[in-house]
Amino acid sequence: MTPNTPGKTPGRLYRLWDSDLFYAFRTAPVAIVATLVALTIIACAVLAPWLAPMNPYNPGGLNLMNGFTPPMEPNAFTGETFLMGADNQGRDMLSTIMYGTRTSLFVGAMAVLFAMTLGISIGLYAGWRGGWVDGALMRVADVQLAFPAILIALLIFGIARGFIPDNMRDQLAIWVLIVAIGLSDWVQFARVVRGATMVEKNKEYVQAARVIGAHPAKIMFRHILPNVMGPVLVIATISLALAIIAEATLSFLGVGVPPTQPSLGTLIRIGQGFLISGEWWILLFPSLTLLALALSVNLLGDWLRDALNPRLR
Amino acid sequence: MAEPLLKIEGLTRRFDVSKPWLNRVIERDEKQFLTANADVSFEIAKGETFALVGESGSGKSTIAKMVVGLLPPSAGTITFAGQKIDTGAGIPRSLRRRFQMIFQDPFASLNPRWRVGEIIAEPIRTFGLMNPTDARNEAARLLEVVGLSAGDVNKFPHEFSGGQRQRIAIARALSSKPEFIVCDEPTSALDVSVQAQILNLMRDLQDEFGLTYLLISHDLSVVRHMSTRIGVLYLGRLVEVAQGKRLFSEPQHPYTRMLLDAVPDLALSGRRRHAVEGEIPNPISPPPGCAFHPRCPLVHDRCKREVPQPRPTPIGQAACHALDRLAPAA
Amino acid sequence: ETVRWARVADALTLDPHSQNEGPTLALLRHVYGTLVSRAVDGSLTPDLATSWEIHPEDPTIWVLHLREGVTFHDGSAFTAEDVVFSYERVLHESSGFRAIHADVVGAEAVDEYTVHVQMSGPSPLYPNNLTNFFIVDKTWAEANDVVAPQNYAAGEENFAVRNTNGTGPYQLVSRDPEVRTVLSVFDGYYGDAPQVTEVIYQPIAEAATRIAALLSGEVDFVQDVPVQDIARLEQTDGIAITTGPENRNIFFAYNATSPTLRSTNVADNPFSHPEIREAMALALDRDAIRQVVMRGQSQPSAAPLPPFVNGWTEEMNAYGAPDYERAAELVRSVYPDGFSVQLDCPNDRYLNDEAICQATVGMLGRIGINVSLNSQTRSLHFPLIENLETDFYLLGWGVPTFDSAYVFNFLVHTREGSYGAYNGGQYSNPEVDAMIEEIATMTDLDERNATIARIWDRVMEDRVFLNVHNQLLAYAVREGINIDVHPENSPTLWTVTID
Amino acid sequence: MADPLLSVRDLVVEFPTRRGTLRALDRVSFDIMPGEVLGMVGESGAGKSITGAAIIGLIEPPGRIAGGEIRLKGERIDTLRPEALRRIRGKRIGMVFQDPLTSLNPLYTVAQQLIETIRTHIDCSEAEARKRAVALLDRVGIPAAARRIDDYPHHFSGGMRQRVVIALALCAEPELVIADEPTTALDVSVQSQIIEVLKDICAERGAAVMLITHDMGVIAETADRVAVLYAGRVAEIGPVREVITEALHPYTRGLMGSIPTLTQESDRLVQIPGAMPRLNAIPQGCAFNPRCDRAFAPCFTDRPELLALAGGRQVACWLHDTAKAQEVPHG
Amino acid sequence: MIAFIIRRLLQSVIVMIAVAAVSFTLFRFVGDPINSMVGQETSIADRQALRDSLGLNDPIVLQFGRFLGNALQGEFGISYRLQMPVTELILQRLPATVELALVSGLLAFVLGLSLGVYTALRRRGVLSNIIMTASLIGVSLPTFLIGVLLIWVFAVELRWLPSNGRGEVVALGDCWSTGLLTHSGRLALILPAITLGLYQMTLIMRLVRAEMLEVLRADYIKFARARGLSARAVNFGHALKNTLVPVITITGLQLGSIIAFAIITETVFNWPGVGALFINSVRFVDVPVMAAYLMMIALIFVVINLIVDLLYYAVDPRLRVDRAGKAH
Ligand SMILES: Nc1ncnc2c1ncn2[C@@H]1O[C@H](COP(=O)(O)OP(=O)(O)OP(=O)(O)O)[C@@H](O)[C@H]1O
Ligand SMILES: Nc1ncnc2c1ncn2[C@@H]1O[C@H](COP(=O)(O)OP(=O)(O)OP(=O)(O)O)[C@@H](O)[C@H]1O
Ligand SMILES: [Mg+2]
Ligand SMILES: [Mg+2]
């Protein structure tokens, strides 16, 4: 027998550190830099209420006269100076970007979570049941695909506006956005999970569980799900970047978060109007932030895809 | 023979492999069925090792799956310990515990995301046999029973070699204290030296716990080594059932002879083997009459028309029209 | 000379009596003549009608004397028959201009060049309504089966939607809706020969793209210049900017009459308190909006009507500097904890509409009014006003008749019948209503003006509106093109001179 | 004795990994004579396939040949440039893989794949190549070859596909065929047919065969000589009959005992304890020492070299080193 | 095969009906078309009358039925906004969009394929890594921003390329107009095509690379090498061809989404296609145009799907026999 040394089982953390995935990570400069960038941005966003110089979401705290203050230059009327300048409403760009990233990340993460939950549930169920249930669910996915993402989001936005009483639209806009982006994104999760489930369910460990009469729900969620999470994670990462950008695009088309609580995308949409007029900082800084965030998340997803693919090691 | 532990009568399984409805309508096709098993009957006594051999696609695994309740039979009955299993409703919980199964692929049969301890204790938990702490201890104990160390409960399957995994799978199968274990090609994915270990282990465990095995294999030498009785399958039908070693010395059915002939001989007896003619026919449209007749050296007209029924032979029973004309085995 | 002209949207149709809508009118004006036109300063000038007067015997009849020697683009002569026909057409059920001529009973050709227009009552200001009334050739319309303006419900296409026959300075060469419309000068035009001989009209919806097209030299004349780009364009070599006031004021209105509001967090209606309305007036920093949001491109004003319009006074226009402390105190006096309310705002209708609302939200926030902003596209915004589903909203109002009555009819009068269509705040004052109905038929202009002043007094006193400013229009052109800003944002290219 | 067709000397193949370099082959030496069938057996992971891949230069990077030499008819081929090596592949050395299901490109007909291969190595016209291809298919036992040649691989059954694969490996008449578990994926009854075809056709053309398998039975029936690999090292080489009946290396002996046969009578199988070590944990000295019941001092310190013994046998075991064997505590 | 096509067609019909239902429900909520149809002077009574005459006050089911009935005959009514028959309007705009979509699709496909193959073959190369990273920039910024930036750089600052429109177009027959035949038309196509194709290119490139890496590890590639085939034959004859099978599906579907994504590009570049038409229609609540557009997108998707499936048939011989039933 292989010599066994009980008691010397290394700790979880060490095992994680020592795992192949982590090793691959440690030796991939791109992945490290991407993680650092993403983490920094995420940290700034999450901690915005504590880190940001001002709260741009509180309209009462704004001074319109600060509008269009260039970076690092005192405003002609108020004398205030902003590191990244101020936007058209007199909001400090730095703070607004931090808060905006927070909103964008929230929308993106929730949308992906929503898409993931929906996609995984449907994919697991379709893959497990097979037969006509599977066929029907996949046709639904087809219909969904007939509407490209932005159209779906536009539609849902339109429909939701009809259902939600107007005095709640403000608060609910974000949730509508989340549902809209999420709904346009679930198909790929469902397809991947379905495919993987169909492979996994014929594996012998699942049959072993069935022989002892384990409940199908338990088999799906405890046995199969953990084994299909790899590709799901990859898609989730890349979807996060896509969702953040989709949010920006929707806001360009005029359906997005309220401008009093701008997201990164709304900021870019607004800033885009000042490209020619010369107030470059209103466009540049949010765009750079979005670029850095989306790029690093994308790079991470990319790296993860390769790293999780055993055939590419 | 005493009351058999497992009794199988007329077991048949068909798979619907028809094209979709629309295609059938347009192409005027009939529904198509693949008969994986047809009218299979045998009994297994307590403490016995009953083996099923046959080429790929002969329906070995399908029988195994029906026995453990993974597949409902299309016809036929399964009686376990005198209790007839209602195949529609699935196996009752009280019986289910008494069955277990060991699979072929030690890499696929353990969930890679679970710790070995959890894997082994899963049957215990599912049947609610013990509290979690005891279950963990039991898992550690079982690991030692199958020749691994108790400390391995916290490891993941990928930290083990194929042979070790198969031991873990055996430990899992033992954990609900079953009487009957179906082993579907338990060693065909293993190296010979490891195969010997596992086969020896299976024997030891059988002696220790009084287990009954249904052993499935396509390796005739393994089957010969392990089993007390052997059933030979061809295209879903049981062509011959015989006492263990005697099948090899006095094979009755021409197919059995052919199979034995095809086995490469390590003993270098110098016997010149006859390469078998032809391949297994498509199970969707098997030849009429005796399914073996296109490859059979003893074929005559009757074989092409009539499905042979099992007839007693000196060593068990066989289904062949030509039994009388068979020369004694060389 | 060719002028390539870009603006945000295309004319919706070429049918002259179908769509009463800015860009449509602006384009059609180049092709179809009107009886009366409006000069850049807002005054009325003769056009196809050389003069007009109230019938000496019957105050309900307007007499129009037509210009002689005018021909349509197809060569047929312009006569009183065409005017009468055009009246029939514009009064047709499917016309988009019916409301403007609501008081007209019918028109009659007295001789070849004189038309009598029978009004339902005395209508002293009616000629103001003629500036967007395009004259169509009767024979052409009959020949092409376009006697009536297009009717959607019928689901048929109308010849006039894509073909024209007017008396205007340009005739249609080609049209690809929303892509490009080409006009070339009409040799038989009765006025001075225009310097611009060809007009290529291109709608470009995106502001940045529109300006980019000008900067890259792909167009010569851009309307709807975003205010923030004016400074840059002014500094750019080869590009000139003209600005001028538009006949349109931008204001907030609120529901001060209902007992409760749908979007507030307090039990009663905050706007029903005069203190609150005063506080809001005190909090609105019009100069800051002008300075930052409008980049100087607005005329801040407290008067809820544009300065061109009859009834406007310097006094109404005056506004003070914001006083946040006093305003906050006023709010506190009613609601110690402040209150919240929703502001509905269009985001694609007026110059920087959303930004104005946003800025206002900030200002009101400073005095304890917590405003949530619901800004959306116009097709969602305007139904709110029409269906009385808003508590507090932004609206812009142009006054094509240049008379206060127009404002009163739509915005001040209690909503009933054809009155008060845009009175989304549900202001209702029987006294005022009576006066409004009175001025419709008054012939004595002095007395009429006095009544108008009285109405305005009440409206200002009740703070029915919280006016922000009048929009300034900016046109950007290739240097050398001299164009005047038209108060109705309806540039006339045939008056353009080129250096 | 004639010159060997293939001669492998001290072949070392390494895979650099994060946890150090793995030696998949450690100084492997053997010869193949012209026309000979050399069986290569060993447990999974012993390095059989790697040996085959190394010979035709198809080790996947980052794996590499880190030492030793491979000579084909005396000419070194392990140092050839990729292009020169490519010309040898298929032309002078043919290869048959285990799984006929996946070895053929599903998008091309059998004819296309055969003709492509023939024309790569032999200068001939398309029609000529086709004729050869049909003849070859016929030879490997595909009925109605001329008609079936234009079928796609999925039209063939497993056994037929493996025949096609063999035809592909043989179509440029190579001097050596490396068959890597050519029958493992097939049914017992088909296995013997395939082995038969392979053996006959090679004998016919005088091609040598290196038959990689872990099925001792196949070796016993087919091979002239057999090489036993253990943990990347050659444990024993010898004529097949001798190695099976009187193995010299304890590992070989254990291996033979652990295989159930159709004639064996004992109740229990001989069991070698433990498993083959992983490549990153090969013990010092003899790689087999932890499992060997006859291990003695030198086994734990020094690696035994391949010893040439009488009768063309070679073994790497200290028990057979006369000098060291003195120390064995016989018992 | 026939059964397969019939099944596909049936599914397509269901998809189309579903799309029709979804898009129809939507119209109740995008706003009120009346406001953009009449001037501010129109009285409320007149507005109601117009609503009545357009049937907007009818029960929704009735409206849907009417809509479906008309749609079946290719009849989508008159645009509320532009007062032209919708079908004609869309047909007039379609060439612009199709041309843009095809050019950018082609660009994306050709570039994506070659870069994907390159990066797969030189997986660890420096240039490959640079390409992989750089391509991500294209998907890390919203399309509209990329478009605006391109305009700014190439039209405003450098003045190399036009900022908007289609340039000169030439009519080909009655129903097609092309910008490809004129110099200005080709110039005008460059920026929008890049903007639109960038995202798809990245996608295709990544897909090709992933599939190619997968295929390169397949046994038949190993066997092809072992047969001594040249690197060219192995990489392109075998690996690439097998890569194309899955790539075709995704690429086909992408073409559908290119047309939909054109909404943004067309808006930014003032490209006179159906996407810009749609966005303007949304703003004006031009229900007939919106409905027709959505149906058109669904139809295109369905047709592309069908073509892709047939292509699949052509490329993969395994599907030609009796596997027809297993769609997807
Ligand atoms: N779910 C299924 N649907 C259709 N046919 C099936 C299914 N499962 C098995 N079959 C068919 O039934 C026949 C018997 O299969 P089975 O797996 O029992 O064979 P086996 O003897 O176990 O073969 P092997 O040695 O390859 O495991 C085969 O022809 C197989 O293709
Ligand atoms: N790409 C690789 N990277 C690292 N190690 C490898 C790689 N390929 C093979 N090996 C290792 O090399 C050793 C020999 O592998 P090889 O495939 O030759 O075994 P084999 O004897 O053919 O086994 P089998 O009977 O399973 O085919 C194995 O231990 C394997 O893990
Ligand atoms: Mg099986
Ligand atoms: Mg191998």
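Small disclaimer: the values here were computed from a predicted structure and weren't measured.

**Considering the overall build of chain A**
Inference 1: Looking only at helices and strands, one finds 13 helices and 0 strands in chain A.
Inference 2: Taken from N to C terminus, the helices and strands of chain A fall in the order α-α-α-α-α-α-α-α-α-α-α-α-α.
Inference 3: A total of 313 residues make up chain A; the buried ones form 59% of that total.
Inference 4: Put simply, of all contacts in chain A between residues at least 6 apart along the chain, 70% involve residues at least 24 apart.
Inference 5: For chain A, the exposed surface amounts to about 12300 Å²; the carbon and sulfur share of it is 69%.

**A word on a negative patch on the surface**
Inference 1: Taken together, Glu 438, Asp 444, Asp 446 and Glu 447 of chain C make up a surface patch of like negative charges.
Inference 2: For Asp 446 of chain C, the position within the fold is in helix α15 (residues 445-461).

**Section: the UniProt feature "transmembrane region" (unreviewed entry) in chain A**
Inference 1: Residues given the UniProt feature "transmembrane region" (unreviewed entry) here are residues 21-52, 105-128, 140-160, 172-193, 228-253 and 280-304 of chain A.
Inference 2: End-to-end, the C-alpha atoms of residues 21-52 of chain A are 35 Å apart, and along that stretch the chain is 88% helix and 0% strand.

**Regarding the interface of chain B and chain A**
Inference 1: Taken together, the 31 residues of chain B in the interface contact 22 residues of chain A.
Inference 2: Summed over both sides, the interface of chain B with chain A buries roughly 2400 Å², with 52% coming from carbon and sulfur.
Inference 3: Counting every contact that joins chain B to chain A gives 1 salt bridge.
Inference 4: Across the salt bridge formed by Glu 122 of chain B and Lys 218 of chain A, the nearest N and O atoms sit 3.8 Å from each other.
Inference 5: Counting across the interface, chain B meets chain A through 9 residue pairs in polar contact (both at pLDDT 80 or more).
Inference 6: Of all elements in the fold, only α2 (60-68), β6 (99-102), α4 (116-126) and α6 (162-174) of chain B reach the threshold of two or more residues within the side of chain B that touches chain A.
Inference 7: If one sorts the elements of the side of chain B that touches chain A by residue count, α4 of chain B sits on top with 4 residues.
Inference 8: For the side of chain B that touches chain A, the residue count by class is 11 nonpolar, 9 polar and 11 charged.

**Some points on the site of ligand 1**
All names here are of chain B.
Inference 1: Around ligand 1, the structure places 14 residues, and the nearest of them are Ser 56, Gly 57, Lys 60, Ser 61 and Thr 62.
Inference 2: Here Gly 59 contributes a backbone N or O atom positioned 3.0 Å from an oxygen atom of ligand 1.
Inference 3: Residue Ser 61 places a side-chain N or O atom 2.5 Å away from an oxygen atom belonging to ligand 1.
Inference 4: Within the residue set of the shell around ligand 1, elements represented by two or more residues are β2 (33-44) and α2.
Inference 5: Element by element, the count of residues in the shell around ligand 1 is highest for α2, at 3 residues.

**Points about the packing of helix α5 (residues 86-121) of chain E against helix α12 (residues 287-315) of chain E**
Residues and elements named next belong to chain E.
Inference 1: For the pair α5 and α12, interaxial distance at closest approach is 10 Å and the crossing angle is 55°. The orientation of α5 with respect to α12, classified from their angle, is oblique. At the point where α5 passes α12, the crossing takes the right-handed sense. Here α5 contributes Val 86, Leu 89, Ile 90 and Leu 94 to the contact with α12, which in turn contributes Pro 288, Val 289, Ala 292, Tyr 293 and Met 296.
Inference 2: In terms of residue class, the contact of α5 with α12 is built from 9 nonpolar, no polar and no charged.

**Structural notes on the state of the cysteines**
Residues and elements named next belong to chain C.
Inference 1: In this structure the tally under the stated criterion is 1 disulfide over all chains.
Inference 2: Across a sulfur-sulfur distance of 2.1 Å, Cys 345 and Cys 357 are joined as a disulfide pair. Taking the torsion about the sulfur-sulfur bond, which here is approximately 85°, the covalent link between Cys 345 and Cys 357 counts as right-handed. Placement of Cys 345 in strand β14 (residues 339-346) and of Cys 357 in helix α11 (residues 353-366) is noted, with a sequence separation of 12 residues between them.

Reading the values: rules and limits
Residues numbered from 1 in each chain as written. Chains lettered and ligands numbered in written order. Predicted model: local features only at pLDDT ≥ 70, side-chain atom pairs only at ≥ 80, totals over all residues. Heavy atoms only, no water. Helix = DSSP H or I, 4+ residues; strand = E, 2+ residues; numbered from the N terminus. Buried < 20%, exposed > 50% of the residue type's maximum accessible area, 1.4 Å probe, protein only. Contact = heavy atoms within 4.5 Å. Areas by Shrake-Rupley, 256 points an atom, 1.4 Å probe, with all protein chains shown as cover. Patch = residues over 30% accessible without salt bridge, like charges linked within 9 Å, V, L, I, M, F, W, Y side chains within 5 Å. Salt bridge = Lys/Arg side-chain N within 4 Å of Asp/Glu carboxyl O. Lys, Arg positive; Asp, Glu negative; His and termini not counted. Charge placed at Lys NZ, Arg CZ, Asp CG, Glu CD. UniProt positions renumbered as here; feature names shortened; annotations may be inferred. Buried area = accessible area lost by both parts, 1.4 Å probe. Polar contact = N/O pair within 3.5 Å; in protein donor to acceptor, adjacent residues only side chain to side chain. Nonpolar A, V, L, I, M, F, W, Y, C, P; charged D, E, K, R; others polar. Near = heavy atom within 4 Å. Axes fitted to C-alpha atoms, helices over the stretch in contact; angles between N-to-C directions. Parallel < 35°, antiparallel > 145°, perpendicular 65-115°, else oblique. Left-handed = near helix turned anticlockwise from the far one by under 90°. Disulfide = S-S within 2.5 Å.

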